[in-house]
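A look at the structure
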Amino acid sequence: MAETAPVCDFDWKAPAFELPATDGKVYRLDDVKGPNGTLVMFICNHCPYVQAILDRIVRDTRELAGLGVSAVAISSNDVAAYPEDSFPLMAEVAASHGFPFPYLYDESQEVGRAYGAVCTPDFFGFNRDLELQYRGRLDSSGRAPGPVSAHRELFEAMKQVAETGRGPADQVPSMGCSIKWRDA
């Protein structure tokens, strides 16, 4: 049996960024770095896969904060083609869901490209040294929320990262809408 490559490029270093947030501030990677890990999430407003899990993202990031893992969400979508992902509407989504993390706007799409983001949601879980340890899904949810009893894959992985500095070897890729890139 051939060994398959891991979903996660373990120890890949998080690219720096500086982006505006829906709270009116500008955040750099160092501003959101957690003492035991950092979760960088690529999401958007309109994607049904994101909408299906927003409440779970809020729940998990709140709990992870208690373990010293911070979180940040970034939208890199082309708002000319998808106006429902506009910055003002991002602020509405963040407020209505009570995001406990900054929601950043990547207008140039440079940050999304630097991370190699593919879909929304796309999760990048880093250890305290900003080395990638998780590139999997939140749980088994798809376009609709999975069962309440669904295994909390992202939460458990990031808890492990907080405790050991290493992510799990077995990871299931996230699935969602493609990032809406502008034509070059």
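Residues numbered from 1 in each chain as written. Predicted model: local features only at pLDDT ≥ 70, side-chain atom pairs only at ≥ 80, totals over all residues. Heavy atoms only, no water.

Within a regular beta strand, the side chains point alternately toward one face of the sheet and then the other, so they alternate between its two faces. Here strand β4 (residues 69-75) lies mainly inside the structure; seven of its seven residues are buried. Of the two faces of β4, the one holding Val69, Ala71, Ala73 and Ser75 and the one holding Ser70, Val72 and Ile74 are both buried throughout. Taken together, the six bridges between strand β3 (residues 37-42) and β4 define a ladder with parallel strand orientation. Bridge pairing in β4 links Val40 to Val72. As judged from the three bridges shared by β4 and strand β5 (residues 103-105), these two strands associate in the parallel manner. Paired with Ser75 across the bridge in β5 is Tyr105. (Buried < 20%, exposed > 50% of the residue type's maximum accessible area, 1.4 Å probe, protein only. Helix = DSSP H or I, 4+ residues; strand = E, 2+ residues; numbered from the N terminus. Pairing = 2+ DSSP bridges.)

Let us look at the packing of helix α2 (residues 48-65) against helix α5 (residues 153-164). It is at 10 Å that the axes of α2 and α5 come closest, and there the two elements cross at 15°. One way to sum up the angle between α2 and α5 is to call them roughly parallel. Note that α2 runs across α5; the crossing there is right-handed. Counted together, Asp60, Glu63 and Leu64 of α2 and Phe155, Met158 and Lys159 of α5 form the full contact between these two elements. Residues belonging to the contact of α2 with α5 are distributed by class as follows: three nonpolar, no polar and three charged. (Axes fitted to C-alpha atoms, helices over the stretch in contact; angles between N-to-C directions. Parallel < 35°, antiparallel > 145°, perpendicular 65-115°, else oblique. Left-handed = near helix turned anticlockwise from the far one by under 90°. Contact = heavy atoms within 4.5 Å. Nonpolar A, V, L, I, M, F, W, Y, C, P; charged D, E, K, R; others polar.)

Attention now moves to the packing of aromatic side chains. Summed over all chains, the structure comprises eleven aromatic pairs. Look at Trp12 and Tyr115: their rings are 5.8 Å apart centre to centre, the planes differ by 80°, and that puts the pair in the edge-to-face class. Here Tyr115 lies in helix α4 (residues 110-115) and Trp12 lies in the segment before β1 (18-20), a separation of 103 residues in the sequence. Since its relative accessible area comes to 4%, Tyr115 is described here as buried. On the numbers, 6.2 Å between centres and 80° between planes, the contact of Tyr115 with Phe126 is edge-to-face. Residue Tyr115 is located in helix α4, and its partner Phe126 is located in strand β7 (residues 122-126); the two are separated by eleven residues in the primary sequence. (Phe/Tyr/Trp six-rings, centres within 6.5 Å; stacked < 30°, edge-to-face > 60°.)

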